[in-house]
Amino acid sequence: TCRDNPPLLEANPTYEATLLSLGRIEQERLYWGNWEARQESSGLFKQSWTPIIDRIDESQVERRVRAWDIAGSLPSESNPYPDFTVGVLLAKMRDGTYVVEDMIRFQQRAGEVENTIMQITQKDREYYSNYRCVLPQDPAAAGKIVRSHYSKLFASHGIPVYFNKTVSGSSKVKNFEPFAATAENGLVSVLKGEWNTQFFKELEQFDGTRSSSSRKDDIVDATATAFNVMSTKKELPKIGASAFQLPSIF
């Protein structure tokens, strides 16, 4: 274990405390020497970490983000279990805690997805202050085309939109770990709603393996994006109505 290396602890007195502040998996490996610890669904996230609350104190909300994970297919014979489009609304409170306020999940064709996201964003902006809509951007060339399309769509409605590059494979675990560790440390609450069951189910099942018919990671990705955008101070690239010179017919 970590304690089996006294010279290291003597040279770095804060090392032990640093390891104990890590998430369960890294703590098991680096502090306790259990290198067989794996990222299992019960280890990455547990519902018991996040209390369910009935209301949120609006005066204590610092800012909000609704982050999206976008899909564009309906169930069919060739693809009976397509991914979902998911939007997770996360609030950061003035005391440094976080509240997952809402989760929207649906399966639609690409054109319908665009309309639904736009409608939800418009409603969010009416209800909430200090709000941002964050859309995913694939780092490949195709992602630039999708970004350009959504940018023009939002600009035509006079709505600012932000983008965040997506991750895949093992990077999804690293992307989700900051949220999971924050929840494990008691800094995340969830607002009571009908969506709670599906939200917790997917987060608890997530183990970093590829999305399948029985295990999806759309909610995981949207939640991780919302938290990572909210918890960093970097300014995301924004596209708003002033970013384009629209034709006079608009």
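Residues numbered from 1 in each chain as written. Predicted model: local features only at pLDDT ≥ 70, side-chain atom pairs only at ≥ 80, totals over all residues. Heavy atoms only, no water.

## Some words on the packing of helix H8 (residues 196-205) against helix H9 (residues 218-231)
Helix packing geometry: the angle between the two helix axes and the distance between the axes.
Phase 1 of the analysis: Direction vectors running N to C along H8 and H9 enclose 90 degrees, while the axes themselves pass 8 Å from each other. Here H8 is positioned roughly perpendicular relative to H9, judged by the angle of their axes. Touching Gln198, Phe199, Glu202 and Leu203 of H8 are Asp218, Ile219, Val220 and Thr223, all from H9.
Phase 2 of the analysis: Considering only residue class, the contact of H8 with H9 consists of four nonpolar, two polar and two charged. (Axes fitted to C-alpha atoms, helices over the stretch in contact; angles between N-to-C directions. Helix = DSSP H or I, 4+ residues; strand = E, 2+ residues; numbered from the N terminus. Parallel < 35°, antiparallel > 145°, perpendicular 65-115°, else oblique. Contact = heavy atoms within 4.5 Å. Nonpolar A, V, L, I, M, F, W, Y, C, P; charged D, E, K, R; others polar.)

## As for the layout of surface pockets
Phase 1 of the analysis: If you add up the space inside the largest pocket, you get close to 750 Å³.
Phase 2 of the analysis: Every residue lining the largest pocket is counted, 30 residues in all, and those nearest its centre are Asp69, Thr166, Val167, Lys172 and Asp221.
Phase 3 of the analysis: Mapped onto the lining of the largest pocket, the elements with two or more residues apiece are strand E2 (61-69), strand E5 (131-137), helix H6 (141-156), strand E6 (161-165), helix H7 (171-184) and H9.
Phase 4 of the analysis: Considering only residue class, the lining of the largest pocket consists of ten nonpolar, eleven polar and nine charged. (1 Å grid on protein atoms, 1.4 Å probe; cavity = no way out; pocket = protein on both sides within 12 Å on 5 of 7 lines; lining within 4 Å. Points joined across faces, edges and corners; volume = space filled by probe spheres on them.)

## Observations regarding unusual backbone geometry
Outside of glycine, negative phi angles account for most residues, and trans bonds account for most peptide bonds.
Phase 1 of the analysis: Positive phi is not limited to glycine here, since Asn130 has a value of about 50 degrees.
Phase 2 of the analysis: Relative to the helices and strands, Asn130 resides in the loop between helix H5 (110-127) and E5.

## Some details on H5
Phase 1 of the analysis: End to end, H5 covers 26 Å across 18 residues, agreeing with the expected 26 Å (1.5 Å per residue, within 8%).
Phase 2 of the analysis: For H5, the set of buried residues is Val113, Glu114, Thr116, Ile117, Met118, Ile120, Thr121 and Asp124. (Expected span 1.5 Å × (residues − 1). Buried < 20%, exposed > 50% of the residue type's maximum accessible area, 1.4 Å probe, protein only.)

## With respect to the packing of aromatic side chains
Centre distance and the angle of the planes are the two values used to describe a pair of aromatic rings.
Phase 1 of the analysis: Scanning all chains against the criterion turns up 13 aromatic pairs.
Phase 2 of the analysis: Pairing Phe176 with Phe179 gives two aromatic rings, centres 5.9 Å apart and planes at 40 degrees, and the pair type is tilted. With Phe176 and Phe179 both in helix H7 and three residues apart, the pair spans about one turn of that helix.
Phase 3 of the analysis: Across from the ring centre of Phe84, 3.4 Å away, lies the NZ or CZ of Arg105, which sits over that ring.
Phase 4 of the analysis: Of note, Arg132 hangs over the ring of Tyr162, and the distance from its end group to the ring centre comes to 4.4 Å. (Phe/Tyr/Trp six-rings, centres within 6.5 Å; stacked < 30°, edge-to-face > 60°. Lys NZ or Arg CZ within 6 Å of the ring centre and 35° of its normal.)

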